[in-house]
Amino acid sequence: TPPTHVQSEEKGWVYRFNGSYKITPDIMLYAEASQGYRPGGANQVLGLPGNLTPYASDQLWNYEAGVKTAFWNRRATLNADVFQIDWSDMQVRVLTPNGAFSYIGNAGKARIRGLEAEGAVHPIQGLSISGNFSIMQAELTENQPGAGTTIPNAGLKGDRIPYVPKFQGGLAVQYVWPLADGLSGFARADVSHVGSSYNELRTSYVYARKIDAYQLVNGRVGVESDDGGWGAYLFVTNLLNEEAILSKSVGATSAGRTSVFSATPRTIGVNLRKAFR
């Protein structure tokens, strides 16, 4: 096919506004409005029609309000916020009408609303417990251009944004205790949960696949110097050997087979560190 030439130029400003107010030395309220921007470009897919070669930039506004707190003589903290992201011309993966090739296109408008929180507590010397979670609703607020015509996987108003789970969270416990003069023992365990999602906007699309929720558990024990100069640890990742699927893809050229990327299976190893000052 003959070469296609695309030229574009964009100028503008990216804005951010924020403010905070301390009710007490341990409680602060804050709010923020910030703008994000990502430039457009040109697809390099052979045989793609000239009108589909370029894709436009996308922009978003993020509105956030929250609280940051400390209590129990600052042995505990709790931070939380609510947010909304208004996304225009979101760049997404688009498939050719035969489903054989993918390229970058624009999905139109989307909105993400959510709540997130994180906290930590230090009940006794050397012990810390921390956790976090987020709840999100991420969806298109208008039909994607080309829906029902030239783009087979085009999303419709109300479709969920791919790879964005409605819920995810984690919990970690860490304990450090004295062993000998200048040496400390170290132990840590953490678990994370990621909710289910989909790989396409249109869940009814023939190549759409659901990505199931999964949990991962990690652990680490070891010895380290009190001054932080060195440490030796035995670690295990994915302790339960969870078959955690991170992404899925399938197309007309895969003969119906679904390709997946998964988390690393159970891995046990030794980690040594040394700081040179």
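Throughout what follows, the structure given in this document is the object of discussion. Every value quoted in this text rests on a predicted model; they were computed, and no experiment measured them.

Points about the sheet that holds strand E9 (residues 110-121)
Phase 1 of the analysis: Ordered by their spatial adjacency, 11 strands build an open sheet running E1-E2-E5-E6-E9-E10-E11-E12-E15-E16-E19, and the pairing between neighbours is antiparallel. Of all the strands in the sheet, the pair left with one neighbour each is strand E1 (16-24) and strand E19 (267-274). Within the sheet, the average angular offset between the axes of one strand and its neighbour, ignoring direction, is 15°.

Examining the pairing of strand E5 (residues 58-71)
Phase 1 of the analysis: Of the strand pairs in this sheet, strand E2 (residues 27-38) and E5 are connected by 12 bridges, and their pairing is antiparallel. Along E5, the bridge assignment pairs Ala-33 with Tyr-63.
Phase 2 of the analysis: Where E5 and strand E6 (residues 76-88) come together, 13 bridges link them in antiparallel fashion. Bridge pairing in E6 places Ala-70 opposite Thr-77.
Phase 3 of the analysis: Here E5 hands over to E6 after 4 residues, with Trp-72 in that stretch at a positive phi of 55°.

Focus: the pattern of salt bridges
Side chains carrying opposite charge are able to pair once their charged atoms draw close together.
Phase 1 of the analysis: Counted under the stated rule, the structure contains 8 salt bridges.
Phase 2 of the analysis: For Arg-93, the salt bridge goes to Glu-200, with nearest N and O atoms at 2.6 Å. Separated by 107 residues along the polypeptide, Arg-93 in strand E7 (residues 91-95) and Glu-200 in the loop between strand E13 (197-198) and strand E14 (210-211) bring together distant segments of the chain.
Phase 3 of the analysis: Classification of Arg-93 as partly exposed rests on a relative accessible area of 39%.

Re the side chain of Asn-106
Phase 1 of the analysis: Mapped onto the fold, Asn-106 is located in strand E8 (residues 102-106).
Phase 2 of the analysis: According to the relative accessible area criterion, Asn-106 is buried, its value standing at 19%.
Phase 3 of the analysis: Of note is the side chain of Asn-106, whose polar atom sits 2.9 Å from the backbone nitrogen of Ala-56.
Phase 4 of the analysis: Engagement of the side chain of Asn-106 in a polar contact is seen with the backbone oxygen of Asp-89, the distance being 2.9 Å.
Phase 5 of the analysis: Those residues in contact with Asn-106 that sit more than four places away from it in its chain are Tyr-55, Ala-56, Ser-57, Asp-89, Met-90, Gln-91, Gln-144 and Pro-145.

Criteria and thresholds
Residues numbered from 1 in each chain as written. Predicted model: local features only at pLDDT ≥ 70, side-chain atom pairs only at ≥ 80, totals over all residues. Heavy atoms only, no water. Pairing = 2+ DSSP bridges. Helix = DSSP H or I, 4+ residues; strand = E, 2+ residues; numbered from the N terminus. Axes fitted to C-alpha atoms, helices over the stretch in contact; angles between N-to-C directions. Salt bridge = Lys/Arg side-chain N within 4 Å of Asp/Glu carboxyl O. Buried < 20%, exposed > 50% of the residue type's maximum accessible area, 1.4 Å probe, protein only. Polar contact = N/O pair within 3.5 Å; in protein donor to acceptor, adjacent residues only side chain to side chain. Contact = heavy atoms within 4.5 Å.

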